[in-house]
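Residue-level listing of the chains:
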Amino acid sequence: MKVLVTGADGFIGSHLTETLVRRGYDVRAFVYYNSFNSWGWLDTCAADVAGKFEVFSGDIRDPHGVKKAMEGCGAVLHLAALIGIPYSYHSPDTYVDTNVKGTLNVLQAARELNLQKVVHTSTSEVYGTAIFVPITEDHPLQGQSPYSASKIGADQMAFSFYSSFETPVAIIRPFNTYGPRQSTRAVIPTIITQIAAGKKQIQLGATTPTRDFTFVEDTVEGFIKALHSDDVIGKVTNLGSGFEISIGKTASTIASLMGATIEFTTDSQRIRPERSEVERLFASYTRAEKRMGWSPVYGGEDGFEKGLLKTIEWFSDPNNLARYKANQYAI
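A brief structural summary. (Residues numbered from 1 in each chain as written. Predicted model: local features only at pLDDT ≥ 70, side-chain atom pairs only at ≥ 80, totals over all residues. Heavy atoms only, no water.)

1. Considerations on the overall build of the chain
Phase 1 of the analysis: Tallying secondary structure elements over the chain gives 11 helices and 13 strands in all.
Phase 2 of the analysis: Here the C-alpha radius of gyration of the chain, 19 Å, is about what a compact globule of 331 residues would show, namely 20 Å.
Phase 3 of the analysis: A principal-axis box enclosing the C-alpha atoms of the chain has dimensions of 55 × 45 × 40 Å.
Phase 4 of the analysis: Counting all 331 residues of the chain, 54% fall into the buried class.
Phase 5 of the analysis: Taking the intrachain contacts of the chain between residues at least 6 apart in sequence as the baseline, contacts between residues at least 24 apart amount to 81%.
Phase 6 of the analysis: When the accessible surface of the chain is totalled, it reaches about 14,100 Å², and 49% of it is carbon and sulfur. (Helix = DSSP H or I, 4+ residues; strand = E, 2+ residues; numbered from the N terminus. Rg over C-alpha atoms; globule rule 2.2 N^0.38 Å. Buried < 20%, exposed > 50% of the residue type's maximum accessible area, 1.4 Å probe, protein only. Contact = heavy atoms within 4.5 Å. Areas by Shrake-Rupley, 256 points an atom, 1.4 Å probe, with all protein chains shown as cover.)

Pasting the structure below:
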């Protein structure tokens with residue numbers, strides 16, 4: 001079965017593409033068309049993977065290109081999305097086009113082409129600040145940012161195709177994935193790159209919110225498990241580490257692992273509007289465990305530190321660090 005990965009040029013998508021190729025899948029990687037002919041992170045994919053997957057350059061917002069990319073595929077793992085929360089504050093329209101209409105394009109093509117499985121990517125941000133913990137899939141949805149609202153819309157569009165047309169859709173909801181290649185718009189790479197660049201004063205936004213950080217290898221495994229599980233069709237399934245930690249404690253842990261003495265300073269442009277900040281995220285992954293045999297290898301505090309060490313090692317490589325602008329805020 002040929003598998004299409006949308007967003008294959010991105011952080012999670014590139015890791016997923018590499019893992020699928022290594023496991024013998026026939027992979028078509030959907031990357032964002034650009035005049036530089038860049039395939040994103042797939043330009044520098046691992047040597048054992050290079051040349052062993054097909055590339056389709058297109059735009060998830062174009063229904064004709066999306067359907068063309070999906071022809072001949074048995075399944076699609078849909079990761080293509082705009083994900084930066086601050087950027088969604090001043091450009092919400094493009095989030096609707098990319099996240100909601102882009103998802104509609106995938107679903108419509110899957111329906112018309114009779115694909116065997118659609119795995120749609122959600123986000124823990126749709127829950128907003130936790131009303132109860134651990135957060136199960138039955139937790140209310142709260143669109144506290146335009147980004148979150150667009151993902152709620154995309155999720156509901158996915159569910160509607162299952163309900164209306166019996167399209168075999170599974171909705172996977174990762175909690176705060178981190179690891180090598182992640183953008184510095186996310187907090188863990190922001191901290192690591194500033195320390196690796198020699199900074200002693202680390203600029204952060206709010207430090208009191210808590211997150212359930214999930215290492216990218218665990219997230220990738222969740223997608224592959226979902227691809228083969230019929231028990232998650234028509235349902236939302238959380239992927240989390242089962243461990244909650246504040247941003248401030250995360251920064252201190254990273255500094256300790258990197259052997260650095262640092263001070264934290266508040267950068268006002270990194271602060272979300274008060275009612276938009278998600279104060280607490282802490283996942284229940286019971287459904288993933290029961291329905292598709294998934295549990296985090298990097299779970300709990302020990303697993304988090306193992307994942308951080310791998311992430312630190314990657315970002316500390318001068319060749320990788322040079323790809324980032326550690327002295328600039330990435331919106």
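2. Some thoughts on helix α10 (residues 300-316)
Phase 1 of the analysis: With 17 residues, α10 extends 24 Å between its outermost C-alpha atoms, agreeing within 8% with the 24 Å of an ideal straight helix rising 1.5 Å per residue.
Phase 2 of the analysis: Three or more residues of α10 are buried, namely Gly303, Phe304, Gly307, Leu308, Thr311, Ile312, Trp314 and Phe315.
Phase 3 of the analysis: Buried residues along α10 sit in contact with β7 (177-178), α6 (187-196), β10 (214-215), β12 (245-246), α8 (247-257) and α11 (318-321). (Expected span 1.5 Å × (residues − 1).)

3. A look at the packing of α6 against α10
Phase 1 of the analysis: Interhelical geometry of α6 versus α10 gives an angle of 50° and a closest axis separation of 10 Å. The angle between α6 and α10 falls in the class oblique. As for the relative orientation of α6 and α10, their crossing is right-handed in sense. Residues Ile188, Pro189, Ile192, Thr193 and Ala196 of α6 form the contact with α10, whose participating residues are Phe304, Leu308, Thr311, Ile312, Phe315 and Ser316.
Phase 2 of the analysis: Partitioned by chemical class, the residues of the contact of α6 with α10 number eight nonpolar, three polar and no charged. (Axes fitted to C-alpha atoms, helices over the stretch in contact; angles between N-to-C directions. Parallel < 35°, antiparallel > 145°, perpendicular 65-115°, else oblique. Left-handed = near helix turned anticlockwise from the far one by under 90°. Nonpolar A, V, L, I, M, F, W, Y, C, P; charged D, E, K, R; others polar.)

4. Brief notes about the side chain of Thr210
Phase 1 of the analysis: The residue Thr210 is located in strand β9 (residues 210-211) in this model.
Phase 2 of the analysis: Judged by its relative accessible area of 15%, Thr210 is buried.
Phase 3 of the analysis: Thr210 has contacts with Glu244, Ile245, Ser246, Glu279, Arg280 and Leu281, leaving out every residue within four places of it along the chain.

5. What about the side chain of Ser14?
Phase 1 of the analysis: Mapping Ser14 onto the fold places it in helix α1 (residues 11-22).
Phase 2 of the analysis: Residues contacting Ser14, with those up to four places away along its chain left out, are Ala8, Trp41, Leu42 and Arg181.

6. Description of empty space enclosed by the protein
Phase 1 of the analysis: What the rule picks out here adds up to one cavity of 30 Å³ or more.
Phase 2 of the analysis: Roughly 50 Å³ of internal volume is contained in the largest cavity.
Phase 3 of the analysis: As for the largest cavity, its lining consists of Thr184, Thr190, Thr193, Gln194, Arg270, Lys325, Ala326, Gln328, Tyr329 and Ala330.
Phase 4 of the analysis: The residue inventory of the lining of the largest cavity, partitioned by class, reads three nonpolar, five polar and two charged. (1 Å grid on protein atoms, 1.4 Å probe; cavity = no way out; pocket = protein on both sides within 12 Å on 5 of 7 lines; lining within 4 Å. Points joined across faces, edges and corners; volume = space filled by probe spheres on them.)

On their own, these measurements won't tell you what the molecule is for.
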